[in-house]
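Structure at a glance
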Amino acid sequence: MAKTNDHEMVSIYPFTEEERDTFFTHCGEAVLMWGTQDHWPVGVTTAYVWQDGKFWITFTAHRHRYKAILRDNRVSVNVSSASYPPDMPNDAPRGAITVKGRGEFFEDQGTREWFYPALSRKVRPDDAAGEAFFNQLLDSPTRVVLAVTPEKYIMYNSTLAARHMAGTVEEHELGERLESDAVRMNEERARRGLPPRK
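Definitions and limits used
Residues numbered from 1 in each chain as written. Predicted model: local features only at pLDDT ≥ 70, side-chain atom pairs only at ≥ 80, totals over all residues. Heavy atoms only, no water. Helix = DSSP H or I, 4+ residues; strand = E, 2+ residues; numbered from the N terminus. Buried < 20%, exposed > 50% of the residue type's maximum accessible area, 1.4 Å probe, protein only. Contact = heavy atoms within 4.5 Å. Arc of directions from axis to C-beta. Salt bridge = Lys/Arg side-chain N within 4 Å of Asp/Glu carboxyl O. Core = buried A, V, L, I, M, F, W, Y, C linked by side-chain atoms within 4.5 Å.

What follows concerns the side chain of H164. Within the secondary structure, H164 sits in helix α5 (residues 158-166). Relative accessible area serves as the criterion here: at 7%, H164 is assigned to the buried category. H164 has contacts with A2, K3, T4, I12, Y13, V169 and L174, leaving out every residue within four places of it along the chain.

So this is what it looks like as structure tokens:
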């Protein structure tokens, strides 16, 4: 069994593709982030639907984020298991994932017809009246739908990290060190006069 005594090397705690899909499907909220015209990073918490390997999000076109993402479609999305519904099983994937991706806007009726009901069901589960009300609320003339296609995943599997701290994880279950832990950490340790980590 493998065991760690600190929390400095965290790129070794990824999710599997199946865990990632479960995570994105069931988490309730995400933080959508973009860059403003003066290069200031901004983010808002939003409901979303995970469908076809994309995050689907909606807002009205007079929001600053619409023009900002039209100008530069590079965005990030952060999702945390803290937004799971209360009845999520204890063995569900836990932690957080930040996605770097690119956004594309949709305003066609076909997208609205599948997405608005899907988002309404997610936001108002087991509440037919609430679902119908929310679906009607979304159907406004200035609303746009943003699809974010992931290009990079920055993952932290808190369950795997806890097992590593407890010494109950096999070495093969850990992910490979990414550049931050494989190279940059030892460069920083050398700068501080510390021995390298193996």
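This part is about α5. Of the residues making up α5, those classed as buried are L160, A161 and H164. For α5, the buried positions fall inside an angular range of 100° around the axis, keeping them on one side.

Across all of its chains, the model carries 8 salt bridges by this definition. Across the pair R197 and E8 runs a salt bridge, and its minimum N-O distance is 3.9 Å. Placement of R197 in the segment after α6 (179-191) and of E8 in the segment before α1 (17-26) is noted, with a sequence separation of 189 residues between them. Ionic pairing is found between E188 and R192, a salt bridge with its closest N-O pair at 2.6 Å.

Side chains that are nonpolar tend, in soluble globular proteins, to be buried together. In this structure, F24, L32, Y48, F55, F59 and V79 are the most contacted members of the largest nonpolar core, which totals 27 residues. Mapped by element, the contributors of at least two residues to this core are α1, β1 (29-35), β4 (54-60), α2 (64-71), β5 (74-80), β6 (95-106) and β7 (143-157). One finds V49, L119, F134 and L138 within the second-largest nonpolar core, a separate group that totals 10 residues.

So, about the environment of V148. Relative to the assigned elements, V148 resides in strand β7. Taking the relative accessible area as the measure of exposure, V148 reaches 0% and is therefore buried. Linking V148 and Y66, residues 82 residues apart in sequence, is a C-alpha distance of 13 Å. Leaving out residues up to four positions away in the same chain, V148 has contacts with L32, K54, F55, V75, V77, G101, R102 and G103.

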